[in-house]
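Structural features, examined
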Amino acid sequence: RQFGSLEGQTPSDRPNGMVVGCQEHATAAEEYPLYPEPTVFSLPGGLYAGGECAAPDGTDNCTWRAYYAGEVKLDELSGIADDFLFCRNSQVEYNATTDVGKGTSFWNFRRNMSWSLHRMQFVKELFETKYPSYPADIGEPRCDSSSSMASA
């Protein structure tokens, strides 16, 4: 699978080159947060290690290109303005035992679908506020774990 370390590998070490991978993530286990159909995407290599390039052509070392489309930082979501003061005041973003944070509530109730949907909506709303000219939702790319693109 795509999700192991690529450190030290070259495109020729991988049978299908540096392909973009995806993996649907199970949330049944208690240690995972509960979200609807979470998917993890892997963009292998990088500009200097192969995979990313200016004009993807499908060759083994030129399979994808990333474009900046805005960002939402975790500190913006959690409301933490100063990490040092936050920790100094004995606050925590999330405590797995209590299922809540202290000093922030963004990560509270990880296994509650309603709270998880609220977090997702908050991310979209913050993105829309910061980047009104960009779409906040472009749909979900399909992850076909049986294809060669998903399981290199």
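Up top is the structure these notes are about.
The structure contained in this document is the topic of the report that follows. (Residues numbered from 1 in each chain as written. Predicted model: local features only at pLDDT ≥ 70, side-chain atom pairs only at ≥ 80, totals over all residues. Heavy atoms only, no water.)

The relative placement of two aromatic rings is captured by the distance of their centres and the angle of their planes. Enumeration according to the criterion identifies six aromatic pairs in this entry. Plain terms: the ring middles of F106 and F122 are 6.1 Å apart, the flat faces sit at 50 degrees to each other, and that makes the pair tilted. Highlighted residues: F106 in the loop between strand 6 (100-102) and helix 3 (113-130) and F122 in helix 3, separated in sequence by 16 residues. We classify F106 as buried; its relative accessible area is 10%. Classification of F122 by relative accessible area gives partly exposed; the value is 31%. Taken together, a centroid distance of 6.5 Å and an interplanar angle of 25 degrees make the contact between F127 and Y134 stacked. Take F127: its relative accessible area is 13%, and that puts it in the buried class. Note on Y134: relative accessible area 35%, which makes it partly exposed. Of the aromatic side chains, those joined through ring pairs into one cluster are F106, W107 and F122. (Phe/Tyr/Trp six-rings, centres within 6.5 Å; stacked < 30°, edge-to-face > 60°. Helix = DSSP H or I, 4+ residues; strand = E, 2+ residues; numbered from the N terminus. Buried < 20%, exposed > 50% of the residue type's maximum accessible area, 1.4 Å probe, protein only.)

Two side chains carrying opposite charge are able to pair once their charged atoms lie near each other. Tallied over the entire structure, the rule returns three salt bridges. The partner of R111 in a salt bridge is E30, with the nearest N and O atoms 3.9 Å apart. Remark: E30 occurs in the loop between strand 1 (21-24) and strand 2 (39-42) and R111 occurs in the loop between strand 6 and helix 3; sequence separation between them is 81 residues. Of the residues examined, R111 reaches a relative accessible area of 25% and is grouped as partly exposed. (Salt bridge = Lys/Arg side-chain N within 4 Å of Asp/Glu carboxyl O.)

The subject of this paragraph is unusual backbone geometry. Here the phi dihedral of E37 falls at roughly 50 degrees; this positive angle occurs in a residue that is not glycine. With respect to the secondary-structure elements, E37 resides in the loop between strand 1 and strand 2. Positive phi, normally seen in glycine, also occurs at S90, with a value near 60 degrees. With respect to the secondary-structure elements, S90 resides in the loop between helix 2 (83-88) and strand 5 (92-95).

Turning next to a nonpolar patch on the surface. Residues M113, L117 and M120 make up a contiguous nonpolar surface patch of roughly 230 Å² in combined accessible area. Topologically, L117 is positioned in helix 3. By relative accessible area, which is 41% here, L117 ends up partly exposed. (Patch = residues over 30% accessible without salt bridge, like charges linked within 9 Å, V, L, I, M, F, W, Y side chains within 5 Å. Areas by Shrake-Rupley, 256 points an atom, 1.4 Å probe, with all protein chains shown as cover.)

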